[in-house]
Amino acid sequence: MAVQRFDLSDRETETWDFLCECGDERCERWITLTLAQYEALRERDEPILAAGHTVGLAALAPRKAHALARDGG
Ligand SMILES: [Zn+2]
C-alpha cells in the first residue's frame, strides 16, 4: 500500500530562511526555521529573532512604548 504524505514530511523537514525581525536597519541576520517552527512563532504572535537580538522600542506597538515611557518618567 502506498501512502502519499508529501505535505506532512515537508512541514517537518523543510527549512526556510527568515530575516531577523529585531527592527534594526543594519541587522542582516538570517534565521533558518522549519515551517513548523515558523508557524509556532506566528501562532504566539512572536517575532523571528536571531540569537541575542531583541525587538527595539520603536518596533513595539505605540501603546506599549508609551506605557514604558511613562513608567520611566
Ligand atoms: Zn536582528
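Since the model is a prediction, treat every value here as computed from it, not as a measurement.

S.K.: Looking at this model, I keep getting lost on the overall build of the protein chain. Mind explaining?
M.R.: For the protein chain, the count of helices and strands is three helices and two strands. The helix and strand sequence of the protein chain, counted from the amino end, reads α-β-β-α-α. Across the 73 residues that make up the protein chain, the buried fraction comes to 0%. By sequence separation, contacts in the protein chain at least 24 residues apart represent 45% of the contacts at least 6 residues apart.

S.K.: Would you mind showing me how to read the pairing of strand β1 (residues 15-19) here?
M.R.: Successive residues of a regular strand alternate their side chains across the two faces of the sheet. The element β1 is largely exposed, with a buried count of zero among its five residues. The sheet contact formed by β1 and strand β2 (residues 30-34) spans five bridges and is antiparallel. Within β2, the position partnered with Trp-16 by the bridge is Leu-33.

S.K.: Whenever I open this one, the environment of Arg-29 confuses me. Can you help?
M.R.: Along the chain, Arg-29 turns up in the loop between β1 and β2. The class of Arg-29 is partly exposed, set by 16 C-beta atoms lying within 10 Å. The spacing of Arg-29 and Phe-18 is eleven residues in sequence and 8.5 Å in space, taken between C-alpha atoms. Those residues in contact with Arg-29 that sit more than four places away from it in its chain are Cys-20, Ala-50 and His-53.

S.K.: Before we go on, may I ask you to explain the environment of Thr-54 in this structure?
M.R.: Positionally, Thr-54 belongs in the loop between α2 (35-43) and α3 (62-72). Aside from chain neighbours lying at most four places away, what touches Thr-54 is Cys-22 and Leu-49.

S.K.: I tried to follow the environment of Leu-19 on my own but got confused; where do I start?
M.R.: Within the fold, Leu-19 resides in strand β1. Leu-19 gets classed as exposed once you count the C-beta atoms within 10 Å, which come to 12. Sequence spacing of Leu-19 and Arg-29 is ten residues, and the spatial spacing of their C-alpha atoms is 6.0 Å.

What counts and how
- Residues numbered from 1 in each chain as written.
- Predicted model: local features only at pLDDT ≥ 70, side-chain atom pairs only at ≥ 80, totals over all residues.
- Helix = DSSP H or I, 4+ residues; strand = E, 2+ residues; numbered from the N terminus.
- Buried ≥ 20, exposed ≤ 12 C-beta atoms within 10 Å, placed from the backbone.
- Contact = placed C-beta atoms within 7 Å.
- Pairing = 2+ DSSP bridges.

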